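Summary of the model geometry
Letter by letter, the chains look like this.
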Amino acid sequence: MTLTISGTSYLEELLETEHTKRPFDPFDPLDVLWQYPSRLGKGQCRIIQLREGLQIMIGNIQFHDDLITRVTEREHGLEFTFLLSGTGELRSTHEERFTTAGAGHYFAGQYFFCGSGTAPQELTEWSAKQYYHVVNIEINSELFCSFTGDPFGELQLSLKHLIRQTTQEYYARAGTITYAMQIPLRQILQCPYQGLNKRLYLESKVLELMALVIEQELEIRNSNENAHSLKPDVADRIYRARELLLQRLDNPPTLMELAQQVELNSRTLKEGFRQVFGKPAFSYLHDYRLEQARQLLEAKEMKVTEVANAVGFGHSYFAKPLARNLV
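Rules used throughout
- Residues numbered from 1 in each chain as written.
- Predicted model: local features only at pLDDT ≥ 70, side-chain atom pairs only at ≥ 80, totals over all residues.
- Heavy atoms only, no water.
- 1 Å grid on protein atoms, 1.4 Å probe; cavity = no way out; pocket = protein on both sides within 12 Å on 5 of 7 lines; lining within 4 Å.
- Points joined across faces, edges and corners; volume = space filled by probe spheres on them.
- Nonpolar A, V, L, I, M, F, W, Y, C, P; charged D, E, K, R; others polar.
- Salt bridge = Lys/Arg side-chain N within 4 Å of Asp/Glu carboxyl O.
- Helix = DSSP H or I, 4+ residues; strand = E, 2+ residues; numbered from the N terminus.
- Buried < 20%, exposed > 50% of the residue type's maximum accessible area, 1.4 Å probe, protein only.
- Axes fitted to C-alpha atoms, helices over the stretch in contact; angles between N-to-C directions.
- Parallel < 35°, antiparallel > 145°, perpendicular 65-115°, else oblique.
- Left-handed = near helix turned anticlockwise from the far one by under 90°.
- Contact = heavy atoms within 4.5 Å.
- Pairing = 2+ DSSP bridges.
- pLDDT = per-residue confidence, 0-100.
- Core = buried A, V, L, I, M, F, W, Y, C linked by side-chain atoms within 4.5 Å.

**A short note on empty space enclosed by the protein**
If you walk through the whole model with that rule in mind, you get 1 cavity of 30 Å³ or more. Considering only enclosed or pocket space, the largest cavity measures out at about 40 Å³ in volume. Lining of the largest cavity is provided by L3, R39, L40, H64, D65, D66 and L67. Taken together, the residues that form the lining of the largest cavity break down as 3 nonpolar, 1 polar and 3 charged.

**What to know about the pattern of salt bridges**
Evaluation of the coordinates by the stated rule reveals 15 salt bridges. Here E203 and R51 are joined by a salt bridge, their closest N and O atoms 2.5 Å apart. With E203 in helix 4 (residues 195-226) and R51 in strand 4 (residues 41-51), the pair connects residues that are 152 residues apart, well separated along the chain. What makes R51 partly exposed here is its relative accessible area of 35%. In this structure, K279 and D287 form a salt bridge, with 2.7 Å as the shortest nitrogen-oxygen distance. A residue is classified by how much of its surface remains accessible, and K279, at 26% relative accessible area, is partly exposed.

**A short note on the packing of helix 5 (residues 232-247) against helix 8 (residues 281-299)**
For the pair helix 5 and helix 8, the least separation of the axes is 11 Å and the interaxial angle reads 45°. Our classification of the angle between helix 5 and helix 8 gives oblique. In this structure, helix 5 meets helix 8 at a crossing whose hand is right-handed. Here helix 5 contributes R242, L245 and L246 to the contact with helix 8, which in turn contributes A281, F282, Y284, L285 and Y288.

**A short note on the pairing of strand 11 (residues 110-114)**
Sheet faces and side chains relate simply in a regular strand, where the side chains alternate between the two faces. Of all 5 residues in strand 11, 5 are buried, a share of seventy percent or more. Pairing between strand 8 (residues 78-85) and strand 11: 5 bridges, direction antiparallel. Each residue of the ladder has a partner; that of T81, found in strand 11, is F112.

**Comments concerning the layout of surface pockets**
There is about 1,500 Å³ of room inside the largest pocket. Surrounding the largest pocket, 41 residues form its lining, Y10, M57, E79, W126 and N136 being those nearest its centre. For the lining of the largest pocket, the per-class residue count stands at 23 nonpolar, 12 polar and 6 charged.

**Quick word on the confidence of the model for the protein chain**
Residues with a pLDDT of 70 or more make up 89% of the protein chain, whose mean pLDDT is 83. Across the protein chain, element-level confidence peaks in strand 14 (residues 132-139) with a mean pLDDT of 95 and bottoms out in helix 10 (residues 315-326) with 40. Here residues 95-101 scores under 50 on pLDDT; set against residues more than four positions off or in separate chains, the count is 17 contacts. Here residues 316-327 is a poorly scored stretch, pLDDT under 50, and it has 15 contacts once near neighbours within four places are set aside; other chains count.

**Here we look at the nonpolar core**
The nonpolar side chains of a soluble globular protein tend to be buried with one another. By size, the foremost hydrophobic cluster in this structure holds 34 residues, and its most contacted members are F80, F82, F113 and F144. When contributions to this core are tallied by element, the ones reaching two or more residues are strand 4, strand 5 (54-63), strand 8, strand 11, strand 14, helix 2 (141-148), helix 3 (179-189) and helix 4. With 8 residues, helix 4 is the single largest residue contributor to this core. If sequence neighbours within four positions are ignored, F80 has contacts with F112, F113, V135, N136, I137, I139, F144, M210 and V213. Membership of the second largest hydrophobic core comes to 22 residues, among which are L230, L244, V262 and Y284.

What follows is the structure, given as structure tokens:
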């Protein structure tokens, strides 16, 4: 059975459960836990208001039936959403005006980054067979600019596209949750503090996550400049190839397999990857692994051998040289 519901009705269902909310942290009235509407599914949503214009939502939900939500064109703010489990689909229903940049299938291990502006009419499909675990961060434009802009709050040119007027479609992009992102996500979920210390701790982790996403955003914008001479569909397939490559750090596909998956010939993929990202695909993968390893080691939460396995390096290749460097 599939249940179809409007965005307005969905919101009304959520608001009807307000009587079920209770403090999650007895020392913080702005940290509350909501029961998900029992008519739609089971689970909980924790909402933490860190400051005016900045909040975290942690959701753990399973739907009773397949669910389709229809939302109308609306004003949209800056959001960082990290999907830790579950799969679904998002698509636009208003193609003549907008083409939703974030549309498509989504799956566990992805994040979704949305700027401010107007979101089009959309359909989101959720499966009753899935358990959804998500961390969502909302930040208003002014606060975002105060963190990422110059002393006057002005964003650098390469980030201007993130703040748009309500007459413009919002910017949206999906990406892969990296190992570096997994660390602050885990720390948010396992925060050991209460009260003021908790709020300071969580805000620092939110800013760390934002910095990692913005770092990728700047890298992508720089890569886009190098991709202008490629046909748009070829450039899109090369970006998809990178996503596939980074999803399999421990067992990456061969160049031929990767080319088949993105429906390019191996030569086009090889030359295009170097043009867009400045280096061959597997040099890019090697450097990415090393950077992820560096960040994991700096976090001091994993042993050297565990880090080596996490990023796809064998112990004999990776662990001993790193161990010597850490002495």
